[in-house]
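Reading the structure
These are the residues of each chain, in order.
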Amino acid sequence: MIDRIWKYKFHYIIVLPALLLIFIFKLIPFFQNIVFSFVDYKPFLGLFESPWVGFGNFKALFEDTLFRDALRNTLIINIGFALVAGVIAWLLALALSSMRIRVVRGAFQTIFLIPYVVPSVFIAGIVMLLLSPAHSPFHLTDKLLLADPLWTKPILIGIEVFRSLGIPAMIGLAAILSNKTAQSAGKRGRPNAAAAGRAIAAYLILQLSFLFSSDFELTTILVNPLTMDSGITIDYYIYTIGLMQANYGLSSAAGAFVAFIQFILVLLAYQLVRGRFLGDLFSGTKPHIDSQSSEHSSKWWGTAVSAIYAAIVLLFVYLLIIEPFTKKSDSAQRLHDLFSFWNIAGYTISNFAAAVVFMLVSVTLAYPLTVKKLPGRQLYKLFLLFVLITASNQISEYFFFRELDMVNTLFPQIFTGFFALASVFVLKSIFNSRHAELKEQAEASGRGELHTFFTLFIPKVWKPLLALGVLQFIALWNAYLPSVIYVVREESYSPVAKGLRLLLSAPENFADPILWQYCAIISLPPIVLLLIFRKWIISEVLASQVTK
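Residues numbered from 1 in each chain as written. Predicted model: local features only at pLDDT ≥ 70, side-chain atom pairs only at ≥ 80, totals over all residues. Heavy atoms only, no water.

1. Notes on the overall build of the protein
Within the protein one finds 25 helices and zero strands. By the compact-globule yardstick of 24 Å for 548 residues, the protein fits well, its C-alpha radius of gyration being 24 Å. Across its three principal axes, the protein shows a C-alpha extent of roughly 65 × 65 × 45 Å. Within the protein, the fraction of its 548 residues that count as buried is 57%. At a minimum sequence separation of 6, the contacts of the protein that also span at least 24 residues come to 81%. With an accessible surface of roughly 24,300 Å², the protein has 67% of that area assigned to carbon and sulfur atoms. (Helix = DSSP H or I, 4+ residues; strand = E, 2+ residues; numbered from the N terminus. Rg over C-alpha atoms; globule rule 2.2 N^0.38 Å. Buried < 20%, exposed > 50% of the residue type's maximum accessible area, 1.4 Å probe, protein only. Contact = heavy atoms within 4.5 Å. Areas by Shrake-Rupley, 256 points an atom, 1.4 Å probe, with all protein chains shown as cover.)

Dropping the structure here:
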C-alpha cells in the first residue's frame, strides 16, 4: 500500500490546494451550520457560547406548518419538472435526430439552450409581464394569475422546464447519434427512442438527487404573500426564516435536514447512474457522421416539432432583447444613466477570476479519479460527493463571510464561485470514456505523473474544461442571490440584481422600455458566450448542470 501511494504521489499532492479551499470556504461553514441547528443562537454570546437545545430546533421545524408546506411544494415542483421535462425533452431529442442537415440541427440545438443562459430573474420578469392584465403586450388574461395559489406551482414548473429543457434534449440527442454511430460500425445498438430515454433518465436521476433544492431566484420573485403556502420552497423557507426573521436555529435545522437527505440521495443516484447509465451519458464515441450523405430525407414531423419550440424560444428572445428597443419611453431616465462602468467591470473581472479558479479546482480534483487503482479512490469520491451537498448553506456562509468582514464586497461571490463539483466527475468521465487506455499506456511506459498530467490529461480535457468555465462564468453573472444576501448598498448590486430591482421598484414603471432595455443589454453577454463556445458545450459538459 505504501509503495502504491508513493507511486501515485503526484495525484495526492495536486489536490491539496483545492482541498484547502474546500475546507475553508465549504466545510467550515457547513459544520458551523450543524452547530447552529443544535443551539439557540444568541448574537451577543456567539455561536459556541449560545445555549445548547439539542434536537429542539428539529422538533420545532417539523411542527412548523410553513416548513411542511415548503417540503411538500419542493417535492411537487421538482418531481413535476422531471416528469414534464423528461417527456418533452425525449420528443425534442427524437425530433432533432430526424433532421439530416447538421447545420440546421445545430442551429436548433443552440436556440434551445438560450433560455438556460439567460438570467432566470429576467425570464420570470417576462412571465410577469405576459401575465399582467395591465402591461401584457398580448393581453393573455384579465385575471391576476400570479396571485392565484392554484397557478403558482404550474407557473414555477413551466418556467423551470422552459429554462432547462435544452439540456436533457441535447443529452438525449447525443445518445441517439452515438447509438447510430455504433450501428454504422456494425455494433449492436438500442432503438433510438430507448437510447434517448435512457440518457435523459440518467440526467433526471442526477437532477432528482437534489430533490430538496429549487431555483431560489425564481421563487423569490414569483411567490408573494398571497401564494406563500402554495409556492414556498425549502430554499426560500431557509432564507425567509433565517436571514429575514433571524430564526437561525430553525433555518439551520432545515439546512442540516436537507443536507442529510440529499447526501443519501446523491449516493444512490451516483451508484445507479454509474452502474446502469454511465455509458448513456458518456458514450466515448465521436459524433455521428454528417447525415447529409444519408439516403433518407429529414422527417417533416421532426422539423415541425423543433420549429414550434424554437419559435417559442425566439419569441421570448424577441420580447427580452428586441421589443424594448421598438418602444419609446415616457420616463425622464436615460439608458446610459442606468449603467455604471465600475460596477460592470468589477463583476466581470471578479466572475472571470472565480471561473478561472473554478477550472483549476475542477481539473486538479478530477485528475486522481482517472487512476482506477489509486489507493483511497473510493473514499476520495465519497468526500467529493459529500461536498456536493454543502452547496447551499445560506445562514452559516453569511456569518462566515461576515466574520471575515467581507459583507458588502465582491469576495463572497468570488469565493463561493470556486466550487461546482459535478464538473469534477464530468471531466473524469469524459477522459476515462475516451482516453483511459492512453493513461494506462503512459503509465506502463514509465512516464512521470507530472508529464502525463500536462501532455496527456490537459490536452484531452481542455475544451470541455473551458466550456465548464464558461458555464460557471454565466452562472455567476446571472446570479441574483449573492447581492440579496451579501450586499447592503443597492448601487453595489450585480448588474442582473440591479436590473431586477429597477423593474420591481415601482409597479407603474414595470413595463418602462428603458428598464427593459437595460435588462436586454445585461442579458447579452451570456448569449454571446453561448454562441462563441457552443461547439465545445457538448452534452457531456451539460450533464454537469444538475444542481440549481
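2. Remarks on the environment of isoleucine 322
Relative to the assigned elements, isoleucine 322 resides in helix H15 (residues 300–322). Separated by 69 residues in the primary sequence, isoleucine 322 and alanine 253 place their C-alpha atoms 46 Å from one another.

3. Structural notes on the side chain of serine 494
Within the secondary structure layout, serine 494 lies in the loop between helix H22 (481–486) and helix H23 (495–504). Overall, serine 494 belongs to the buried group, its relative accessible area being 1%.

4. Here we look at the pattern of salt bridges
Counted under the stated rule, the structure contains eleven salt bridges. The closest approach of N and O atoms between lysine 42 and aspartate 40, which form a salt bridge, is 3.2 Å. Among the residues examined, lysine 42 registers a relative accessible area of 27% and is labelled partly exposed. The partner of arginine 198 in a salt bridge is aspartate 280, with the nearest N and O atoms 3.1 Å apart. Remark: aspartate 280 occurs in helix H14 (residues 248–281) and arginine 198 occurs in helix H10 (residues 192–208); sequence separation between them is 82 residues. For arginine 198, a relative accessible area of 24% corresponds to the partly exposed category. Judged by relative accessible area, which is 12%, aspartate 280 ranks as buried. (Salt bridge = Lys/Arg side-chain N within 4 Å of Asp/Glu carboxyl O.)

5. Section: the packing of helix H5 (residues 65–97) against helix H13 (residues 234–244)
Where H5 meets H13, the axes come as close as 8 Å, and the angle between the chain directions of the two elements is 150°. When the axis of H5 is compared with that of H13, the two are roughly antiparallel. Contacts from Leu66, Phe67, Ala70, Leu71 and Thr74 of H5 reach H13 at Ile234, Tyr237 and Ile241. Residues belonging to the contact of H5 with H13 are distributed by class as follows: seven nonpolar, one polar and no charged. (Axes fitted to C-alpha atoms, helices over the stretch in contact; angles between N-to-C directions. Parallel < 35°, antiparallel > 145°, perpendicular 65-115°, else oblique. Nonpolar A, V, L, I, M, F, W, Y, C, P; charged D, E, K, R; others polar.)

6. Quick word on the packing of H5 against H15
Relative orientation of the contacting elements H5 and H15 amounts to 125°, with a least axis distance of 7 Å. With respect to their mutual orientation, H5 and H15 come out oblique. Of the two possible hands of crossing, H5 and H15 adopt the one that is left-handed. Here Leu91, Leu92, Leu94, Ala95 and Leu96 of H5 lie close against H15, whose contacting residues are Trp301, Gly302, Val305, Ser306 and Tyr309. Residue classes in the contact of H5 with H15 are distributed as eight nonpolar, two polar and no charged. (Left-handed = near helix turned anticlockwise from the far one by under 90°.)

7. Considering helix H18 (residues 394–403)
Within H18, eight of the ten residues are buried, which leaves it mostly tucked inside the rest of the structure. What H18 keeps buried is the set Gln394, Ile395, Ser396, Glu397, Tyr398, Phe399, Phe400 and Phe401. Buried-residue contacts for H18 involve helix H3 (16–36), helix H11 (216–222), H13, H14, helix H19 (411–416) and H22. After H18 finishes, the residue aspartate 405 shows a positive phi value of roughly 60°.

8. Remarks on the confidence of the model for the protein
Model confidence for the protein is summarised by a mean pLDDT of 88, while 95% of its residues fall at 70 or above. Considering only residues more than four positions removed or in separate chains, one finds that residues 285–296, a stretch of pLDDT under 50, has 18 contacts. (pLDDT = per-residue confidence, 0-100.)

9. A short note on the nonpolar core
In terms of nonpolar packing, the biggest core is built from 182 residues, with Phe112, Tyr237 and Leu365 touching the most fellow members. Sort the elements by how many residues they give to this core and H14 lands first, with 14 residues. Ignoring anything within four residues of it in the chain, the contact list for leucine 365 reads Val15, Ala18, Leu19, Ile22, Tyr380, Leu384, Leu421 and Val424. (Core = buried A, V, L, I, M, F, W, Y, C linked by side-chain atoms within 4.5 Å.)

10. Some remarks on empty space enclosed by the protein
Taken as a whole, this structure holds seven cavities of 30 Å³ or more when the rule is applied. By volume, the second largest cavity is sized at about 280 Å³. Forming the boundary of the second largest cavity are 21 residues, of which Leu206, Tyr270, Val273, Ala422 and Phe425 lie nearest the centre. When contributions to the lining of the second largest cavity are tallied by element, the ones reaching two or more residues are H14, helix H17 (377–388) and helix H20 (422–444). The dominant element in the lining of the second largest cavity, judged by the number of residues it contributes, is H14, at seven residues. Its residues assigned to classes, the lining of the second largest cavity comprises 16 nonpolar, three polar and two charged. (1 Å grid on protein atoms, 1.4 Å probe; cavity = no way out; pocket = protein on both sides within 12 Å on 5 of 7 lines; lining within 4 Å. Points joined across faces, edges and corners; volume = space filled by probe spheres on them.)

11. Observations regarding a nonpolar patch on the surface
Together, Ile79, Leu83, Val84, Val87, Ile88, Trp90 and Leu91 give the surface a local cluster of nonpolar side chains, amounting to about 580 Å² of exposed area. As for its position among the elements, valine 84 is in helix H5. (Patch = residues over 30% accessible without salt bridge, like charges linked within 9 Å, V, L, I, M, F, W, Y side chains within 5 Å.)

12. Remarks on the packing of aromatic side chains
Tallied over the full model, the rule gives 52 aromatic pairs. On the numbers, 5.2 Å between centres and 90° between planes, the contact of phenylalanine 30 with phenylalanine 386 is edge-to-face. Here phenylalanine 30, found in helix H3, pairs with phenylalanine 386, found in helix H17; they are 356 residues apart in sequence, far enough to count as distant. In this structure phenylalanine 30 comes out as buried when scored by relative accessible area, which is 6%. Judged by centre distance (6.5 Å) and plane angle (50°), the ring pair of phenylalanine 36 and tyrosine 248 falls under tilted. Of this pair, phenylalanine 36 sits in helix H3 while tyrosine 248 sits in helix H14, and the two are 212 residues apart along the sequence. Here phenylalanine 36 matches tyrosine 248 in class, with each residue buried. Here lysine 9 stacks its cationic end above the ring of tryptophan 6, 4.8 Å away from the centre of that ring. (Phe/Tyr/Trp six-rings, centres within 6.5 Å; stacked < 30°, edge-to-face > 60°. Lys NZ or Arg CZ within 6 Å of the ring centre and 35° of its normal.)

13. A short note on helix H24 (residues 513–533)
Over its 21 residues, H24 runs 30 Å from end to end, which matches the ideal 30 Å to within 8%, given 1.5 Å per residue. The sharpest bend along H24 comes to roughly 30°, located at leucine 524, with the proline proline 525 sitting one to four residues further on. Two or three places before isoleucine 514, at the opening of H24, aspartate 512 has a side-chain oxygen 3.1 Å from that residue's backbone nitrogen. (Expected span 1.5 Å × (residues − 1). Bend = angle between axes of the 7 residues up to and from the residue. Polar contact = N/O pair within 3.5 Å; in protein donor to acceptor, adjacent residues only side chain to side chain.)

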